[in-house]
Amino acid sequence: MRILSITTAALLSAAFSAPLLAQSGTYTLRQLTPETAAKATRAALDDCRKRGYQVAVAVVDRAGVAQALIRDRFAGPHTVQTAIGKGYTAVSFRTDTLEFAKATQPGSASSGVRSLPSVVALGGGVMIEAGGTTVGAIGVSGAPTGEADEACARAGLAAIRDELEF
């Protein structure tokens, strides 16, 4: 009973002191402009075309919501949702999806996260960070391998690198 009282007191103390530490009831988020998101998708698509791949490219915001999307004329119909899913997975788990795929292989302790809705554990999702903050991710789908998808995504990221340093 005494342990419960101490724990309860500690929780109440933390709950009431936390607002005193906060400066404001709101905070500011950095977000990509639609123009920057579109520029990244176009650059990734162009890079894939040079390599002979027909793909879909999506840029998602920090919440994993699609902000810009482009699909090449012969990219498969599945590539649209897969590209968005790769971007969503990258921002959700704060890691590029090629690394995520390796870390969540079947049989590993964290393999269960692969069954969560919208998670795509394949290479091709690359984080977009600016000023130490995650602002979104680029997802590419349709190249022959996850590594090839990631290479195209990195080309999209490179195209906007100068615009990301706030």
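Just above, that's the structure.
Let us look at the structure shown here. (Residues numbered from 1 in each chain as written. Predicted model: local features only at pLDDT ≥ 70, side-chain atom pairs only at ≥ 80, totals over all residues. Heavy atoms only, no water.)

## Focus on the nonpolar core
In a soluble, globular protein the nonpolar side chains are often hidden away together inside.
Part 1 of the argument: Within the largest apolar cluster, 23 residues are counted, with the highest numbers of intra-cluster contacts made by Val55, Val57, Val59, Ile128, Ile138, Val140 and Leu164.
Part 2 of the argument: Of all the secondary-structure elements, those providing two or more residues to this core are helix H2 (34-50), strand S1 (56-61), strand S3 (125-130), strand S4 (133-141) and helix H5 (146-164).
Part 3 of the argument: Per-element tally for this core: the top contributor is H5, with six residues.
Part 4 of the argument: Once residues lying within four places of it in the same chain are set aside, the contact partners of Val55 are Leu45, Cys48, Ile70, Arg71, Asp72, Ala75, Val140, Ser141, Gly142, Ala143 and Asp149.
Part 5 of the argument: Ala83, Ala90, Val91 and Ala137 belong to the second largest nonpolar core, which has nine residues in total. (Core = buried A, V, L, I, M, F, W, Y, C linked by side-chain atoms within 4.5 Å. Buried < 20%, exposed > 50% of the residue type's maximum accessible area, 1.4 Å probe, protein only. Helix = DSSP H or I, 4+ residues; strand = E, 2+ residues; numbered from the N terminus. Contact = heavy atoms within 4.5 Å.)

## A closer look at the environment of Ser110
Part 1 of the argument: One can find Ser110 in the loop between helix H4 (97-103) and S3.
Part 2 of the argument: When its relative accessible area of 32% is taken as the criterion, Ser110 is described as partly exposed.
Part 3 of the argument: Separated by ten residues in sequence, Ser110 and Phe100 place their C-alpha atoms 10.0 Å apart.

## Thoughts on H2
Part 1 of the argument: Along its 17 residues, H2 runs 24 Å from first to last C-alpha, staying within 8% of the 24 Å computed at 1.5 Å per residue.
Part 2 of the argument: Here H2 has its buried residues at Thr36, Ala37, Ala40, Thr41, Ala43, Ala44, Leu45, Asp47 and Cys48.
Part 3 of the argument: Immediately downstream of H2, the backbone of Gly52 shows phi near 90°, a positive value. (Expected span 1.5 Å × (residues − 1).)

## Describing unusual backbone geometry
Part 1 of the argument: For Arg94, which is not glycine, the phi dihedral falls at a positive 55°.
Part 2 of the argument: Tracing the chain through its elements places Arg94 in the loop between helix H3 (78-93) and H4.
Part 3 of the argument: A relative accessible area of 47% places Arg94 in the partly exposed class.

## Some words on the pairing of S4
Part 1 of the argument: Most of S4 sits inside the fold, with eight of its nine residues counted as buried.
Part 2 of the argument: In this structure, S1 lies alongside S4, joined through six bridges in antiparallel fashion. Across the sheet, the residue bridging to Val59 is Ile138, located in S4.
Part 3 of the argument: Across six bridges, the pairing between S3 and S4 is antiparallel. In the sheet register, Val126 faces S4, and the bridge partner there is Ile138.
Part 4 of the argument: Taking the residues that link successive antiparallel strands as the turn, the S3-S4 hairpin has two residues, and the phi of Gly131 there is positive, at about 60°. (Pairing = 2+ DSSP bridges.)

## Brief notes about the pattern of salt bridges
Any two side chains of opposite charge can pair, on the condition that their charged atoms come close.
Part 1 of the argument: Counted under the stated rule, the structure contains seven salt bridges.
Part 2 of the argument: In this structure, Glu163 and Lys39 form a salt bridge, with 2.5 Å as the shortest nitrogen-oxygen distance. You can see Glu163 sitting in helix H5 and its partner Lys39 sitting in helix H2, a full 124 residues away along the chain.
Part 3 of the argument: Note on Glu163: relative accessible area 36%, which makes it partly exposed.
Part 4 of the argument: A salt bridge links Lys86 to Asp149; its shortest N-O distance comes to 2.7 Å. With Lys86 in helix H3 and Asp149 in helix H5, this pair connects stretches of sequence that are 63 residues apart.
Part 5 of the argument: In this structure Asp149 comes out as buried when scored by relative accessible area, which is 3%.
Part 6 of the argument: Sharing partners across several salt bridges, the network here consists of Asp96, Glu150 and Arg154. (Salt bridge = Lys/Arg side-chain N within 4 Å of Asp/Glu carboxyl O.)

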